Amino acid sequence: GAVVSQHPSWVICKSGTSVKIECRSLDFQATTMFWYRQFPKQSLMLMATSNEGSKATYEQGVEKDKFLINHASLTLSTLTVTSAHPEDSSFYICSANGQGGWLIATEAFFGQGTRLTVV
Amino acid sequence: RKEVEQDPGPFNVPEGATVAFNCTYSNSASQSFFWYRQDCRKEPKLLMSVYSSGNEDGRFTAQLNRASQYISLLIRDSKLSDSATYLCVVNLDRGSTLGRLYFGRGTQLTVWP
C-alpha cells in the first residue's frame, strides 16, 4: 500500500508556543489530505480538508486561525497549532488520497500520528 | 447528534469465539462505508470496505443495511491478534475519490487465551 509519513511522532511544547506537524506522501501524489484529531477514548474527528494549491476547508467548530494548514506541494501538507494550550493536547493524524497511476483512491492512507502534549 | 454511533464495549471474548459489532450512521447521503482497526496509540488501518451485498474476508464478514443505516462486522474464530479497537467509518463525499471520513468512537475488543 501507499506510504504516508507524519512527523514528529510526539512533541511536548510550552503553552503559548506554536507547533508544526508535517504529513508527507512518500510514493504517490496526494492532491487532498485530511487532518484529524483524537482525544483519549474518543473517535477521530475530522478537522479540515487540505487541498494542494488552495485554502483548506475546515469543519464546523474548528478555528482556522488556530490550526493553520498549508498544502504547498503534492506530497506535503503541514498543520501548525498556533499559541497552543493544554486543551490542544491530543493525537493529531493525517490521511491522504492518491492520484493516478496504480493507486485507486478508495482507501485512505494514514500517517503514524503525532501525540501533542502542551504543558 | 454524532455522524456515526458505535457501542464502545469493551468486548472480552475467549479465543475461538464469534463476536459481532454494530454501528449506525445518521446521514442518509453517506456514500461508502468501512471498518478500520486501531491498535493502541497507532494509526487506523483499513480492515475492509462494506457493501450492501455483504462481503467476507476470511474470518471477517461485513454487512450494510442502507434502509436502516446500519453496519455490522462479524469476527469468527477470534484470535489473540484480533484484540484492538474497531472503528466504523463513513465517507460522505460523492465521486470515485474517497473524501471526508467520519469515524465512530470505536469498539474495543480483547481476546483472551
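Residues numbered from 1 in each chain as written. Chains lettered and ligands numbered in written order. Predicted model: local features only at pLDDT ≥ 70, side-chain atom pairs only at ≥ 80, totals over all residues. Heavy atoms only, no water.

Caption draft 1: The overall build of chain A, seen in detail. Secondary structure assignment for chain A yields zero helices and eleven strands. Element order for chain A, N to C, with α for helix and β for strand: β-β-β-β-β-β-β-β-β-β-β. Taken over the C-alpha trace, chain A has a radius of gyration of 14 Å; the compact-globule value for 119 residues is 14 Å, and the two agree within 12%. Overall, chain A is about 45 × 25 × 20 Å in size when its C-alpha atoms are taken along their principal axes. Looking at the 119 residues of chain A, the share that counts as buried comes to 51%. Counting contacts in chain A only where the partners sit at least 6 residues apart, residues at least 24 apart contribute 55% of the total. Of the roughly 5,700 Å² of accessible surface on chain A, 53% is carried by carbon and sulfur atoms. (Helix = DSSP H or I, 4+ residues; strand = E, 2+ residues; numbered from the N terminus. Rg over C-alpha atoms; globule rule 2.2 N^0.38 Å. Buried < 20%, exposed > 50% of the residue type's maximum accessible area, 1.4 Å probe, protein only. Contact = heavy atoms within 4.5 Å. Areas by Shrake-Rupley, 256 points an atom, 1.4 Å probe, with all protein chains shown as cover.)

Caption draft 2: The interface of chain B and chain A, seen in detail. With 20 residues of chain B in contact, the opposing surface of chain A contributes 21 residues. Overall, the association of chain B and chain A removes approximately 1,700 Å² of surface from exposure, summing both partners, and the carbon and sulfur fraction of that is 54%. Joining chain B to chain A, the criterion identifies one salt bridge. Here Arg-100 of chain B ties to Glu-59 of chain A by a salt bridge, and the two come within 3.7 Å at their closest N and O atoms. Our enumeration of links across chain B and chain A arrives at four residue pairs in polar contact (both at pLDDT 80 or more). When residues of the side of chain B that touches chain A are traced back to their parent elements, those giving at least two are strand S4 (32–38) and strand S10 (101–103) of chain B. Its residues placed into classes, the side of chain B that touches chain A shows nine nonpolar, five polar and six charged. (Buried area = accessible area lost by both parts, 1.4 Å probe. Salt bridge = Lys/Arg side-chain N within 4 Å of Asp/Glu carboxyl O. Polar contact = N/O pair within 3.5 Å; in protein donor to acceptor, adjacent residues only side chain to side chain. Nonpolar A, V, L, I, M, F, W, Y, C, P; charged D, E, K, R; others polar.)

Caption draft 3: Quick peek at a nonpolar patch on the surface. A grouping of Trp-10, Ile-12 and Val-119 of chain A is seen on the molecular surface, where their side chains present a nonpolar patch of about 380 Å² in accessible area. Secondary-structure assignment places Ile-12 of chain A in strand S2 (residues 10–13). (Patch = residues over 30% accessible without salt bridge, like charges linked within 9 Å, V, L, I, M, F, W, Y side chains within 5 Å.)

Caption draft 4: Quick look at unusual backbone geometry. His-7 of chain A connects to Pro-8 of chain A through a cis peptide bond whose omega is 0°. Mapped onto the elements of the fold, Pro-8 of chain A is located in the loop between strand S1 (4–7) and S2. With an omega of 10°, the peptide bond between Gly-9 of chain B and Pro-10 of chain B qualifies as cis. The topology assignment puts Pro-10 of chain B in the loop between strand S1 (4–6) and strand S2 (11–14). A positive phi is found at Ser-83 of chain A, a non-glycine position, where the angle reads about 45°. Tracing the backbone through its elements, the reader meets Ser-83 of chain A in the loop between strand S8 (76–81) and strand S9 (90–96). For Arg-41 of chain B, which is not glycine, the phi torsion reads 60° and is therefore positive. Topologically, Arg-41 of chain B is positioned in the loop between S4 and strand S5 (45–50).

Caption draft 5: Structural detail: the sheet that holds strand S3 (residues 19–25) of chain A. All names here are of chain A. The strand order across the open sheet built from four strands is S1-S3-S8-S7, with neighbouring strands paired in antiparallel fashion. Strands at the two margins of the open sheet, each flanked by one partner only, are S1 and strand S7 (67–73). Ignoring which end each strand starts from, the neighbouring axes of this sheet average 15° apart. Of the strand pairs in this sheet, S7 and S8 are connected by five bridges, and their pairing is antiparallel. Opposite Phe-67, over in S8, you have Val-81 as the bridge partner. (Pairing = 2+ DSSP bridges. Axes fitted to C-alpha atoms, helices over the stretch in contact; angles between N-to-C directions.)

Caption draft 6: Fine view of the sheet that holds S1 of chain B. All names here are of chain B. An order of S1-S3-S8-S7-S6 is seen for the five strands of this open sheet, with the pairing classed as antiparallel. At either end of the open sheet lies a strand with only one pairing partner, and these are S1 and strand S6 (55–57). Geometrically, the sheet is characterised by an average inter-axis angle of 20° between neighbouring strands, direction not taken into account. Where S6 meets strand S7 (residues 60–65), three bridges bridge the pair, whose relative direction is antiparallel. Bridged to Glu-56 within S7 is Thr-61.

This is a description of form; function is not addressed.
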